[in-house]
Amino acid sequence: MSRLCVLLLIPVLSDLVFAIQFYLPVNSRKCLQEEIDKNVLVTGEYEVSKEQKTTIHLTIIDSFGHTLYIKQNATKGKFSFTTENHEEFDVCFHSRSPMGSGRVPDQLVKLNTKHGVEAKNYKEIEKVEKLTPLEAQLRHLEHLSQAIADDFDYLKKRGKEMQDTNASTNTRVLLFGIISTSCLSALATWQVFYLRRFFKAKKLID
């Protein structure tokens, strides 16, 4: 039973923590996109390798065009925000340099984001609420269990929406097929009568 619980927690935890690193060429822009549910805390840390005469600008924008975080000349730091809607947000790194692209090496960018349960600082909660380490761990597990239940509810809702979409699409395709077949049959019938009258007029057939 415990092994099954661990296997179920692995994909959930991997979805709550997102870490990546990549090389950013000079005078280029790269964006990473992630989809987050409503009222979810998102935290992140970033670090960019230093390069002379090159600056990195970091912006985080939601799907409505709202700027959630912006940092000019970003080198190392943290950010946090809470989503207002179920939406996607883009984390964009923009490299700028007056020098040519072939004369400046790529910069290494490290990004680590967390959301939901994993974004909360339980050590701080333990101090503020004066909890014992065991109570803080139980609080963490309680929130994690709630997050898993919410994810299952969300997946169930999305599955229902996809089933409804699939059923609606099948109905539309069937209706389109019936209309198309009817139109083709009517057109074929009209062509037969038209050609028959034409050949009779030319006295090619009786």
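No experiment lies behind these values; they were computed from the predicted model shown.

**Q** Could you give an account of the overall build of the protein chain, with specific residues and numbers?
**A** Across its full length, the protein chain carries three helices and eight strands. Reading the secondary structure of the protein chain in the N-to-C direction produces α-β-β-β-β-β-β-β-β-α-α. Buried positions account for 24% of the 206 residues belonging to the protein chain. Within the protein chain, contacts between residues at least 6 apart in sequence are counted, and of these 76% link residues at least 24 apart.

**Q** Give a description of the packing of aromatic side chains that names residues and reports values.
**A** All told, the structure shown has eight aromatic pairs when counted by the stated rule. Measuring from centroid to centroid gives 6.4 Å for Y46 and F79, while their planes differ by 20°, and the two rings are stacked. You can see Y46 sitting in strand β3 (residues 41-48) and its partner F79 sitting in strand β6 (residues 76-82), a full 33 residues away along the chain. Side by side, Y46 and F79 carry an identical accessibility label, which is buried. Three or more aromatic residues link up through ring pairs in this structure, and these residues are Y46, Y69, F79, F81 and F89.

**Q** Break down the layout of surface pockets for me, with residues and values.
**A** One number sums up the size of the second largest pocket: a volume of about 220 Å³. Lining the second largest pocket are T43, G44, E45, K78, F79, S80, N112, K114, E118, A119, K120 and N121. Within the residue set of the lining of the second largest pocket, elements represented by two or more residues are β3, β6 and β8 (107-115). Here the lining of the second largest pocket is composed, by residue class, of two nonpolar, five polar and five charged.

**Q** Would you mind going over the side chain of S97 in detail, with residue names and values included?
**A** As for its position among the elements, S97 is in the loop between β7 (87-96) and β8. Of the polar contacts made by the side chain of S97, one reaches the backbone oxygen of K53; its length is 2.9 Å. Not counting residues up to four positions away in its chain, the partners in contact with S97 are V26, N27, K53, T54 and V104.

**Q** Tell me about the environment of E84, and name the residues and values.
**A** Locating E84 in the fold gives a position in the loop between β6 and β7. C-alpha separation for the pair E84 and D37, spaced 47 residues apart in sequence, amounts to 8.6 Å. Setting aside residues no more than four positions away along its own chain, E84 makes contact with K38 and N39.

**Q** So what's going on with the state of the cysteines? Which residues, and what values?
**A** The tally for this structure, following the rule as stated, stands at one disulfide. The partner cysteine of C31 in its disulfide is C92, sulfur to sulfur 2.0 Å. On the sign convention where negative is left-handed, the bridge of C31 and C92, at about 115° about the S-S bond, is right-handed. A residue pair is termed long-range when its members are at least 10 positions apart, and C31 in strand β2 (residues 29-36) and C92 in strand β7 qualify at 61 residues. A residue is classified by how much of its surface remains accessible, and C31, at 36% relative accessible area, is partly exposed.

**Q** Residue-level account of helix α3 (residues 133-201), with values.
**A** With 69 residues, α3 extends 100 Å between its outermost C-alpha atoms, agreeing within 8% with the 102 Å of an ideal straight helix rising 1.5 Å per residue. One or two steps after α3, the chain reaches K203, where phi turns positive at roughly 55°.

**Q** So what about the sheet that holds strand β5 (residues 67-71)? Which residues, and what values?
**A** As summarised here, the arrangement of the four strands in space is β2-β7-β4-β5, forming an open sheet in which the pairing is antiparallel. In this open sheet, the two edge strands, each paired with only one partner strand, are β2 and β5. Ignoring strand direction, the axes of neighbouring strands in this sheet form an average angle of 10°. The sheet contact formed by strand β4 (residues 55-62) and β5 spans four bridges and is antiparallel.

Thresholds, definitions, all that
Residues numbered from 1 in each chain as written. Predicted model: local features only at pLDDT ≥ 70, side-chain atom pairs only at ≥ 80, totals over all residues. Heavy atoms only, no water. Helix = DSSP H or I, 4+ residues; strand = E, 2+ residues; numbered from the N terminus. Buried < 20%, exposed > 50% of the residue type's maximum accessible area, 1.4 Å probe, protein only. Contact = heavy atoms within 4.5 Å. Phe/Tyr/Trp six-rings, centres within 6.5 Å; stacked < 30°, edge-to-face > 60°. 1 Å grid on protein atoms, 1.4 Å probe; cavity = no way out; pocket = protein on both sides within 12 Å on 5 of 7 lines; lining within 4 Å. Points joined across faces, edges and corners; volume = space filled by probe spheres on them. Nonpolar A, V, L, I, M, F, W, Y, C, P; charged D, E, K, R; others polar. Polar contact = N/O pair within 3.5 Å; in protein donor to acceptor, adjacent residues only side chain to side chain. Disulfide = S-S within 2.5 Å. Expected span 1.5 Å × (residues − 1). Pairing = 2+ DSSP bridges. Axes fitted to C-alpha atoms, helices over the stretch in contact; angles between N-to-C directions.

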